[in-house]
Amino acid sequence: MAALPGLALLLLAAWGGLPAAGQKRKEMVLSEKVNQLMEWASKRSVIRMNGDKFRRLVKAPPRNYSVIVMFTALQPHRQCVVCKQADEEYQILANSWRYSSAFTNKIFFAMVDFDEGSDVFQMLNMNSAPTFINFPAKGKPKRGDTYELQVRGFAAEQLARWVADRTDVNIRVIRPPNYAGPLMLGLLLAVVGGLVYLRGSNLDFLYNKTGWAFAALCFVLAMTSGQMWNHIRGPPYAHKNPHTGQVNYIHGSSQAQFVAETHIVLLFNGGVTLGMVLLHEAATSDMDVGKRKIMCIAGIGLVVLFFSWLLSVFRSKYHGYPYRYIF
């Protein structure tokens, strides 16, 4: 009977050692996973993953790091133009994080291409690309961990704000130098300088009201159609429904728009403006009455037609708007 207390102590020691051994095993697995990800991240900012890598490093515990995964289809035969555009912005974001002084193993950027990890798409019931999902360090992704691409666009700055919201990691986006702007400015200055040099004795063209009015009108039409919004948000050109194959050029929400929608609105605004100009010329010019009538009818027709189309676009985005013109 005296041996029973000693046996009980041995059993308690063994029972207490099992959790410690399991914890040590988890720490070793976690260390291996982090080291592997750090090694890959040192070679490429966006880690390409297939099904095995995704299940082992992203889905399976233990994990004390977040992984931002872009699900895409970059192969040429997929003909996903938006995927290529989003990939460029995603690479900029990942490079900004990888080469920043604040880089740590707290967050990694990865990519799963459909042709390399179709099983992952099936596992997540995913049928569209590109899609961005944050897999947090603890637990499963929540609703907010899926990026709202159609609303926010895929600009690197917008992705960085979403990453900061989901992971508390602030990334300062650093874009590679773009010399297109300075080159265009230099070309414009060269043209203006050449004109001034060639026509130094006659600078009346600088006081041409029609030329300045046309330039101002082009700028106003570009801004009112949403070009600046596109530059900031970086939305896709259009959206193709993966189920029906139908292409939508007008976004159904009042909080977002496509690039194609900007071009359509620009065309409609330009048509309305041209109609107003014709009406003004018909009322103020000294042409004969017949030509002025033709200009007046053409101006009214342009205003009515293009304003009706513009209002129909507005109705499609602001559901429940009660007024219409013709269409």
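Residues numbered from 1 in each chain as written. Predicted model: local features only at pLDDT ≥ 70, side-chain atom pairs only at ≥ 80, totals over all residues. Heavy atoms only, no water.

- Under an unreviewed UniProt entry, the name given to the chain is Dolichyl-diphosphooligosaccharide--protein glycosyltransferase subunit MAGT1, and the organism recorded is Rynchops niger.
- Turning to the chain, the UniProt record has this under Sequence similarities (unreviewed entry): "Belongs to the OST3/OST6 family."
- The UniProt entry for the chain carries the following comment under Pathway (unreviewed entry): "Protein modification; protein glycosylation." (UniProt positions renumbered as here; feature names shortened; annotations may be inferred.)

Some words on the UniProt feature "transmembrane region" (unreviewed entry) in the chain
Inference 1: The sites that carry the UniProt feature "transmembrane region" (unreviewed entry) are, in the present numbering, residues 179–198, 210–229, 264–282 and 294–314.
Inference 2: Span residues 210–229 is 95% helix and 0% strand, its end C-alpha atoms 28 Å apart.
Inference 3: Across residues 294–314 one finds 100% helix and 0% strand; the C-alpha atoms that close the span lie 30 Å apart. (Helix = DSSP H or I, 4+ residues; strand = E, 2+ residues; numbered from the N terminus.)

Looking at the packing of aromatic side chains
Inference 1: The tally for this structure, following the rule as stated, stands at 15 aromatic pairs.
Inference 2: Seen in terms of ring centroids, Phe-54 and Phe-71 are 6.0 Å apart; in terms of plane orientation they differ by 70°. Their pairing is edge-to-face. Residue Phe-54 is located in helix 2 (residues 51–59), and its partner Phe-71 is located in strand 2 (residues 66–72); the two are separated by 17 residues in the primary sequence. Across the pair, Phe-71 and Phe-54 agree in class, each one buried.
Inference 3: Ring geometry for Phe-132 against Tyr-147: centres 5.8 Å apart, planes inclined by 90°, an arrangement best described as edge-to-face. Linking Phe-132 in strand 4 (residues 131–135) with Tyr-147 in the loop between strand 4 and helix 5 (149–152), this pair joins segments that are 15 residues apart in sequence. (Phe/Tyr/Trp six-rings, centres within 6.5 Å; stacked < 30°, edge-to-face > 60°. Buried < 20%, exposed > 50% of the residue type's maximum accessible area, 1.4 Å probe, protein only.)

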